[in-house]
Amino acid sequence: MSILVIAEHNNAAVNAATLVNVAAAQAIGGDIDVLIAGEGCAEVGAEAANIAGVSKVVVADNALYGHQLAENIADLVIELSAGYTHIIGATTASGKNYMPRIAALLDVAQISDICGVISEDTFERPIYAGNAIATVQSSDSIKVLTVRGTAFDGVAAEGGSATVENIDIAKDAGLSTWVREDIVKLERPELTAASVIISGGRGMQNGENFALLESVADKLGAAIGASRAAVDAGFVPNDMQVGQTGKIVAPDLYIAVGISGAIQHLAGMKDSKTIVAINKDEDAPIFQVADYGLVADLFKAVPEFDALLD
Amino acid sequence: MKVLVTAKRVVDYNVSIRVLSDNSGVDLNNVKMSVNPFDEIAIEEAVRLKEAGKVEEVIVVSIGTSACGEQIRTALALGADRGILVETEEDMQPLAIAKVFKALIEKEQPKMVILGKQAIDGDNGQTGQMVAALSGLAQATFASEVVVNDDDTATVTREVDGGLEVISVKLPAIITTDLRLNEPRYASLPNIMKAKKKPVDTYSPEDLGVDVTPRVKTLKVTPPAERAAGIIVETVEELVDKLKNEAKVIS
């Protein structure tokens, strides 16, 4: 078997998702090549050559690939695809963008967001926001896969000695152009990247009261989330929503404050390592998934919790 | 210009799904079905573009059994002008759905196809990108703002990891919706009544010359690992102590 891993990087360094993708490739077994497509990314290629378990790094360094436009990345991968049995990308904004395009151009199915490898053609993946796990088998000659970032431990970034091959393919599909980006320098971590999240629900009563959570979040280095009920009530914007129709998160610590635990919220956070629930209703469903439950008025308990963190 | 939008029939987001005891799938008997929430956003966006005078006709497409007619009627009540039901009993996977769309694009010649970024049943997140690939069109996925320009392009703001990205795409283009694009309206009673009179065409995949044979076989479906039962703490002090010394998640 021969596997092509498409690296996630920012033209300066490889992203941790790349190491996770290589780990998934190792679980399948076979030769592993890594593609670095980007602009001014020669150093990323050299860095990727050190990743444990990689045979060859292919570097496509061209302005066409600098912003990972799906049309151009997909055309490039199709050019390189001959001979590979598996093509692997990450379940990230860019991987989710170009991987299905690659699969369709190859006339094969994609298996999205795999969380387990059973054999070279059989994989486990979450469906219904993780409320069920499907074991699926592909009948296609090339398996196109995206890998759930939290499902595999990344391989070591050092210890490998892959060869580096520079390729000179530069084909502009001419369909889209990058205009600008607005990558927020958040004072707090992104919800999907945070190791601690504190979320508020309808029990917060209004948007101003979310300030109670901010102080705790600052002390724990946490991101702030919300339930759909809190978003629907207009307390906070939609991009804070954790749940089946919002962001799916799995931090080390998830603190649910004034959240009853509707199914659609649980679907978005129940893979968190430790879950804390603070709610005055002892029958709230959130307590069924919580490791630590505190039946209390959040307006008393949260300031007390905050004070104890000093 | 014409816009195609999607209305996938899925288990309602408020329903707690149950895995069948023979592990063959998820129990869909007597379960409330709705339009995929991300498709609702797609329908809303197309209707708003029509209200803004940028679009003349909004055509809603649903693919599946005859029951998908319900989701088409919902979309028509929300403001779509006519419907297309591609009726099949086959397990429709993203690649096959994308092939159906390719055929419909050739037939209808829309300037834009707006789809949900993913459906909340299979969570594949593939269809829009596959439609774009097969039709040789630009794609703008995870859109949080769509501006249609006068020069046959659209400027789309995309939700990416860590922020937003703005790209310009040539029309016709494929757009997939993210949560922040808009907040879908509710259908009014008069509009629900009016929707009953709007036209819906029905085709089979064969009519469209599309091979929809599944490429991926589901061997089994199992419930996820259960969480071990937790404990109720009595005080905030006890909670902080547990988090520091037992779970070791705060220092």
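The structure presented is a predicted model; accordingly, all values stated were derived computationally and were not measured.

A. Structural detail: the overall build of chain B. Assigned secondary structure in chain B consists of six helices and 13 strands. Expressed along its principal axes, the backbone C-alpha trace of chain B runs to roughly 65 × 45 × 40 Å. Counting all 251 residues of chain B, 54% fall into the buried class. Partitioning the contacts of chain B with sequence separation of at least 6, the portion at a separation of at least 24 is 70%. Counting every atom, chain B has about 11000 Å² of accessible surface; 48% of that belongs to carbon and sulfur. Side-chain charges of chain B comprise 30 positive and 39 negative groups, with the mean position of each set lying 2 Å from the other.

B. Structural context of the side chain of K270(A). Checked against the element boundaries, K270(A) lands in the loop between α7 (263-269) and β15 (274-279). For the buried K270(A), no salt bridge exists, and the shortest N-O distance to an oppositely charged side chain is 4.2 Å, to D271(A). A polar contact is formed between the side chain of K270(A) and the backbone oxygen of G130(A), at a distance of 3.3 Å. Residues contacting K270(A), with those up to four places away along its chain left out, are G130(A), N131(A), I275(A), P224(B) and R227(B).

C. Broad picture of a nonpolar patch on the surface. Among the surface-exposed residues, L189(B), I192(B) and M193(B) lie close enough to one another that they form a single nonpolar patch of about 290 Å² accessible area. With respect to the helices, strands and loops of the structure, M193(B) is situated in helix α5 (residues 189-195).

D. Representation of the sheet that holds strand β5 (residues 82-87) of chain B. Within the open sheet, the 10 strands sit side by side as β11(A)-β9(B)-β8(B)-β7(B)-β10(B)-β6(B)-β1(B)-β4(B)-β5(B)-β11(B). Their pairing is mixed. Every other strand in the sheet has two partners, leaving β11 (176-183) of chain A together with β11 (200-203) of chain B as the edge strands with one partner each. Strand-to-strand, the axes of this sheet are offset by a mean angle of 35°, without reference to chain direction. With four bridges connecting them, strand β7 (residues 138-148) of chain B and strand β10 (residues 173-177) of chain B associate as parallel partners. By the bridge assignment for β10(B), Q139(B) is matched with I174(B).

E. Up close: the packing of aromatic side chains. Within the structure shown, the criterion is met by zero aromatic pairs over all chains. Just above the ring of F142(B) sits the side chain of K96(A); from NZ or CZ to the centre is 5.4 Å.

F. Fine view of the interface of chain B and chain A. Taken together, the contact between chain B and chain A spans 74 residues of the former and 81 residues of the latter. With both chains or domains summed, chain B and chain A bury close to 6500 Å², and 57% of this area falls on carbon and sulfur atoms. It is Y13(B), R215(B) and R227(B) that lose the most area in chain B upon contact with chain A, and together they represent 11% of the buried surface on that side. Salt-bridge contacts for R180(B) lead to D239(A); the nearest nitrogen and oxygen are separated by 3.3 Å. Tallied by class, the residues present in the side of chain B that touches chain A amount to 39 nonpolar, 17 polar and 18 charged. As paired strands, strand β16 (residues 292-295) of chain A and strand β13 (residues 231-233) of chain B are joined by three bridges and run parallel to one another. Bridge pairing in β13(B) places G293(A) opposite I232(B).

G. Up close: the environment of T177(A). With respect to the element layout, T177(A) can be found in strand β11. C-alpha separation for the pair T177(A) and E71(A), spaced 106 residues apart in sequence, amounts to 10.0 Å. If near-sequence neighbours (up to four positions away) are discounted, T177(A) is found in contact with L69(A), I167(B) and S168(B).

H. How the structure looks around the nonpolar core. Counting residues in hydrophobic clusters, the biggest one holds 53 residues, and the most contacted among them are I87(A) and V100(B). At nine residues, the largest contribution of residues to this core is made by helix α3 (residues 94-108) of chain B. With residues near it in sequence (within four places) discarded, I87(A) still touches L4(A), I6(A), V77(A), S81(A), M99(A), I102(A), L106(A), I142(A), K143(A), V144(A) and L145(A). In this structure, A7(B), V47(B), A80(B) and A195(B) belong to the second largest nonpolar core, which totals 46 residues.

I. Molecular detail of helix α8 (residues 298-308) of chain A. Among all positions of α8(A), only L298(A), A301(A), V302(A), F305(A) and D306(A) are buried. The buried side chains of α8(A) occupy one side of the element, clustering within an arc of 135° when seen end-on. In the core, the buried residues of α8(A) are packed alongside α5 (211-220), β14 (253-257), β15 and β16 of chain A together with α6 (236-245) of chain B. Where α8(A) begins, one side-chain oxygen reaches toward the backbone nitrogen of F299(A), 3.0 Å away; that side chain belongs to D297(A).

Calculation rules
Residues numbered from 1 in each chain as written. Chains lettered and ligands numbered in written order. Predicted model: local features only at pLDDT ≥ 70, side-chain atom pairs only at ≥ 80, totals over all residues. Heavy atoms only, no water. Helix = DSSP H or I, 4+ residues; strand = E, 2+ residues; numbered from the N terminus. Buried < 20%, exposed > 50% of the residue type's maximum accessible area, 1.4 Å probe, protein only. Contact = heavy atoms within 4.5 Å. Areas by Shrake-Rupley, 256 points an atom, 1.4 Å probe, with all protein chains shown as cover. Lys, Arg positive; Asp, Glu negative; His and termini not counted. Charge placed at Lys NZ, Arg CZ, Asp CG, Glu CD. Salt bridge = Lys/Arg side-chain N within 4 Å of Asp/Glu carboxyl O. Polar contact = N/O pair within 3.5 Å; in protein donor to acceptor, adjacent residues only side chain to side chain. Patch = residues over 30% accessible without salt bridge, like charges linked within 9 Å, V, L, I, M, F, W, Y side chains within 5 Å. Pairing = 2+ DSSP bridges. Axes fitted to C-alpha atoms, helices over the stretch in contact; angles between N-to-C directions. Phe/Tyr/Trp six-rings, centres within 6.5 Å; stacked < 30°, edge-to-face > 60°. Lys NZ or Arg CZ within 6 Å of the ring centre and 35° of its normal. Buried area = accessible area lost by both parts, 1.4 Å probe. Nonpolar A, V, L, I, M, F, W, Y, C, P; charged D, E, K, R; others polar. Core = buried A, V, L, I, M, F, W, Y, C linked by side-chain atoms within 4.5 Å. Arc of directions from axis to C-beta.

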